[in-house]
Amino acid sequence: MRRAIFPGSFDPITLGHVDIINRALPLFDEIIIAIGINADKKYMFSLEKRIFFIKENYKNEPKIKVETYSGLTTEFCKKLDVDFILRGLRNPADFEFEKAIAQTNRKMSTIETVFLLTSAETSYISSSIVRDILRNGGNVKDFVPKSVTTN
């Protein structure tokens, strides 16, 4: 069984994340959306809300699971017996950052990182931009799934 973890804070999940997940579905038998917990980070949305946004968006997709974790992603992969980490790339800066992490992860384990390029329609979307729009009273309906805007 080919299983992948798609790690992130998903604060909130965006249409960019959804694009990567949906395009990865044919590649894997199961995708675990792994919400990382970092005690030092200030989140806009509670962990419960972030879990809800994802589960609600994928309620009809049996290949999607949602988990939370803290610590190293590679250790979480080993714990769940997952061989792949899924990552999305929006631009060259993302590639350089993610490449260094993937190479480090590969040195520490046998876990492979699979990169997918975001579609042109979602490549500019980031959770930080969405949070900034929300903080300033803007409408984010074109940047996030309905599960985020209706709750």
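Details of the structure are given in the entry above.
Residues numbered from 1 in each chain as written. Predicted model: local features only at pLDDT ≥ 70, side-chain atom pairs only at ≥ 80, totals over all residues. Heavy atoms only, no water.

Engineer: Give me the pairing of strand β4 (residues 84-89): which residues, what numbers.
Structural biologist: Buried residues dominate β4, accounting for five of its six residues. Pairing of strand β1 (residues 3-8) with β4 involves two bridges; the strand directions are parallel. Paired with Ile5 across the strands is Ile85, a residue of β4. Pairing between β4 and strand β5 (residues 112-117): six bridges, direction parallel. Bridge pairing in β5 places Leu89 opposite Leu117. As a crossover connection, the stretch from β4 through helix α4 (residues 92-108) into β5 is right-handed. (Buried < 20%, exposed > 50% of the residue type's maximum accessible area, 1.4 Å probe, protein only. Helix = DSSP H or I, 4+ residues; strand = E, 2+ residues; numbered from the N terminus. Pairing = 2+ DSSP bridges. Right-handed = clockwise from strand over helix to strand, strands pointing away.)

Engineer: Talk me through the pattern of salt bridges; I want residue IDs and the actual numbers.
Structural biologist: Applying the stated criterion across every chain, the model contains 10 salt bridges. Residues Arg131 and Asp11 are paired through a salt bridge, measuring 4.0 Å at the closest nitrogen-oxygen approach. Of this pair, Arg131 sits in helix α5 (residues 127-135) while Asp11 sits in the loop between β1 and α1 (15-24), placing them 120 residues apart in sequence. For Arg131, a relative accessible area of 16% puts it in the buried group. (Salt bridge = Lys/Arg side-chain N within 4 Å of Asp/Glu carboxyl O.)

Engineer: Can you break down α4 residue by residue, with the values?
Structural biologist: In this model α4 runs 24 Å from its N-terminal to its C-terminal C-alpha over 17 residues, within 8% of the 24 Å that 1.5 Å per residue would give. Restricting attention to buried positions, one finds in α4 the residues Asp94, Glu98, Ala102 and Asn105. With its buried residues spanning 60° around the axis, α4 presents them on a single face. In α4, the exposed positions that point more than 90 degrees away from the buried face belong to Pro92, Ala93, Phe97, Gln103 and Lys107. For α4, the secondary structure elements touched by its buried residues are α3 (73-80), β4 and β5. Among the residues of α4, the N-terminal cap falls to Asn91, whose side-chain oxygen and the backbone nitrogen of Ala93 are separated by 3.1 Å. (Expected span 1.5 Å × (residues − 1). Arc of directions from axis to C-beta. Contact = heavy atoms within 4.5 Å. Polar contact = N/O pair within 3.5 Å; in protein donor to acceptor, adjacent residues only side chain to side chain.)

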